[in-house]
Amino acid sequence: MTQAVPRPALVDNSRLVHGRAEAEALVGSPARWEPLTGGSGVETWRVAGPQDVRMFKLGVGACSARVAREAAVRALLEGLVPAGSRLPAQGWHGHGEDSAWLTVPWLNGPTMWQVFAPVRRRGERTDDALAAAVLTCISVAAVHQAEWVHGNIQPHHIILGPGGARLVDWASAWSPAENLPPTDTAGSPVHLSSPEMLARSNRRPVYPTAADEVWTLAASIWWAASGRWPRDYRALAIDTSVFTETELAKVLVRYGAPLAPLAHWPELEAVLRYVLEAPAESRPTALDLAQHLCALRV
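Thresholds applied
- Residues numbered from 1 in each chain as written.
- Predicted model: local features only at pLDDT ≥ 70, side-chain atom pairs only at ≥ 80, totals over all residues.
- Heavy atoms only, no water.
- Helix = DSSP H or I, 4+ residues; strand = E, 2+ residues; numbered from the N terminus.
- Buried < 20%, exposed > 50% of the residue type's maximum accessible area, 1.4 Å probe, protein only.
- Contact = heavy atoms within 4.5 Å.
- Areas by Shrake-Rupley, 256 points an atom, 1.4 Å probe, with all protein chains shown as cover.
- 1 Å grid on protein atoms, 1.4 Å probe; cavity = no way out; pocket = protein on both sides within 12 Å on 5 of 7 lines; lining within 4 Å.
- Points joined across faces, edges and corners; volume = space filled by probe spheres on them.
- Nonpolar A, V, L, I, M, F, W, Y, C, P; charged D, E, K, R; others polar.
- Pairing = 2+ DSSP bridges.
- Core = buried A, V, L, I, M, F, W, Y, C linked by side-chain atoms within 4.5 Å.
- Phe/Tyr/Trp six-rings, centres within 6.5 Å; stacked < 30°, edge-to-face > 60°.
- Lys NZ or Arg CZ within 6 Å of the ring centre and 35° of its normal.
- Arc of directions from axis to C-beta.
- Axes fitted to C-alpha atoms, helices over the stretch in contact; angles between N-to-C directions.
- Parallel < 35°, antiparallel > 145°, perpendicular 65-115°, else oblique.
- Left-handed = near helix turned anticlockwise from the far one by under 90°.
- Patch = residues over 30% accessible without salt bridge, like charges linked within 9 Å, V, L, I, M, F, W, Y side chains within 5 Å.
- Salt bridge = Lys/Arg side-chain N within 4 Å of Asp/Glu carboxyl O.
- Lys, Arg positive; Asp, Glu negative; His and termini not counted.
- Polar contact = N/O pair within 3.5 Å; in protein donor to acceptor, adjacent residues only side chain to side chain.

1. Examining the overall build of the protein chain
- When you go through the protein chain residue by residue, the secondary structure sums to 10 helices and seven strands.
- Within the protein chain, the fraction of its 298 residues that count as buried is 50%.
- Long-range pairs, those at least 24 residues apart, make up 65% of the contacts in the protein chain between residues at least 6 apart in sequence.
- Here the protein chain has roughly 13,900 Å² of accessible surface; of this, 54% comes from carbon and sulfur atoms.

What follows is the structure, encoded as structure tokens:
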């Protein structure tokens, strides 16, 4: 799961009144609340007790919709998505007047970002990193096989454990077969969005496709392996920090951007480049990408 940040536990936070009792009943007493780094304005905790360890999410105000939507997605996916997606079961959720909460079993294991640390920092090619990439592709393929799109693939949303790769943060997931429209905002960062997704980014709601997600999947592996976005912004002589995501998307749609080199692992670069440069209509699937990665040797 996401790394804990060094700050006091927010056990007495009044916003935890909704869902706190349910979470503590599941983990047992005494319960330890460990705040984690969150995203999209949603607060997250690791809740540990003598009976269980769980993840707890809380959204307040405008952020409550994101937590409520993830709970709805999980309810729809239960029993539908094959085991390859490793969706945690036993989810509990609820809401208050201006909040929504969700708790699911804690997933033990490093994120893809953490597994790729030796590759990123020292240029090491490791079996663990390659296996993590393959297992992630297999999990994403299982989601697509069920006619769903996760919508927010990135290295920090993938947990590696004995059972394979597990995807977390399902708030942006959607399926054309379900009466649950996609979100009004794109899930993955613009840096990990396919060219076609960027071209559609001014339309709401956002409808990511499986082909979009395979581009994001390859871009996420590239980012985890290099520590840099796959697009070479320096070649465009632009500083991405001065742009909003909307502005940057417009720049990329108009001018495009070449891919940055992945010099310390050229074989991996070749596989990912093949996916990232393929047009949407002929882009390999997530399972194709897994097979190409399996052919690599460390």
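2. Here's the deal with empty space enclosed by the protein
- This structure, assessed with the given rule, holds one cavity of 30 Å³ or more.
- The calculated volume of the largest cavity comes to roughly 100 Å³.
- Around the largest cavity, the lining is made up of 13 residues, and of these Gly151, Ser188, Met197, Pro208 and Thr216 lie nearest the centre.
- Residue composition of the lining of the largest cavity, by class: five nonpolar, six polar and two charged.

3. Some points on the environment of Pro208
- Relative to the helices and strands, Pro208 is located in the loop between α6 (195-199) and α7 (210-226).
- Given a relative accessible area of 11%, Pro208 falls into the buried group.
- For the pair formed by Pro208 and Trp174, sequence separation is 34 residues and the distance between their alpha carbons is 8.5 Å.
- Once residues within four sequence positions are removed from consideration, Pro208 is found in contact with Val149, Gly151, Trp174, Met197 and Arg200.

4. Focus: the pairing of strand β6 (residues 158-161)
- Two elements, β6 and strand β7 (residues 164-167), share four bridges in a ladder whose sense is antiparallel. Bridging across to β7, Ile159 finds its partner in Arg166.
- From the end of β6 to the start of β7, which pair antiparallel, there are two residues.

5. Some details on the nonpolar core
- By size, the foremost hydrophobic cluster in this structure holds 49 residues, and its most contacted members are Phe116, Leu217, Ile221, Leu268, Leu272, Leu289 and Leu293.
- Secondary structure elements with two or more residues in this core: α2 (64-77), α3 (112-115), α5 (127-145), β6, β7, α7, α9 (266-277) and α10 (286-294).
- Looking at this core element by element, the count peaks at 10 residues for α7.
- When near neighbours in sequence (up to four residues on either side) are disregarded, Leu268 contacts Ile221, Ala225, Leu262, Leu293 and Leu296.

6. So, the packing of aromatic side chains
- Here the structure, examined in full by the defined rule, presents seven aromatic pairs.
- Between Trp113 and Trp223 the ring centres are 5.0 Å apart and the planes differ by 55°, which places this aromatic pair in the tilted class. Taken together, the residues Trp113 in helix α3 and Trp223 in helix α7 connect sequence positions 110 residues apart.
- Three or more aromatic residues joined by ring pairs make a cluster, and in this case those are Trp33, Trp45, Phe56 and Trp101.
- Its end group placed over the ring of Trp113, Arg120 keeps NZ or CZ at 3.8 Å from the ring centre.

7. Some thoughts on α10
- Those residues of α10 that sit buried are Ala286, Leu289, Ala290 and Leu293. All buried residues of α10 project into a common sector of 105° when viewed along the axis, lining one side.
- Packing partners of the buried residues in α10 comprise α5, α7 and α9.

8. Describing the packing of α5 against α10
- At a minimum axis distance of 8 Å, the contact between α5 and α10 shows a crossing angle of 160°. In this view, α5 runs roughly antiparallel relative to α10, as classed from their interaxial angle. Crossing of α5 against α10: the hand is left-handed. In contact with Leu130, Ala133, Val134, Cys137, Ile138, Val140, Ala141 and His144 of α5, α10 contributes Ala286, Leu287, Leu289, Ala290, Leu293 and Cys294.
- A breakdown of the residues in the contact of α5 with α10 according to their chemical character gives 13 nonpolar, one polar and no charged.

9. Topic: a nonpolar patch on the surface
- A contiguous nonpolar patch, built from Leu135, Ile138 and Leu287 and spanning about 230 Å² of accessible area, is present on the exposed surface.
- Residue placement: Ile138 occurs in helix α5.

10. So, the side chain of Arg231
- Relative to the assigned elements, Arg231 resides in the loop between α7 and α8 (245-255).
- Of the side chains with opposite charge, Glu196 comes closest to the buried, unpaired Arg231, at an N-O distance of 7.4 Å.
- Of note is the side chain of Arg231, whose polar atom sits 2.7 Å from the backbone oxygen of Ser193.
- Beyond its immediate chain neighbours, meaning those up to four positions away, Arg231 contacts Val190, His191, Ser193, Ser194, Pro195, Leu198, Trp215, Leu252, Ala257, Pro258 and Ala260.

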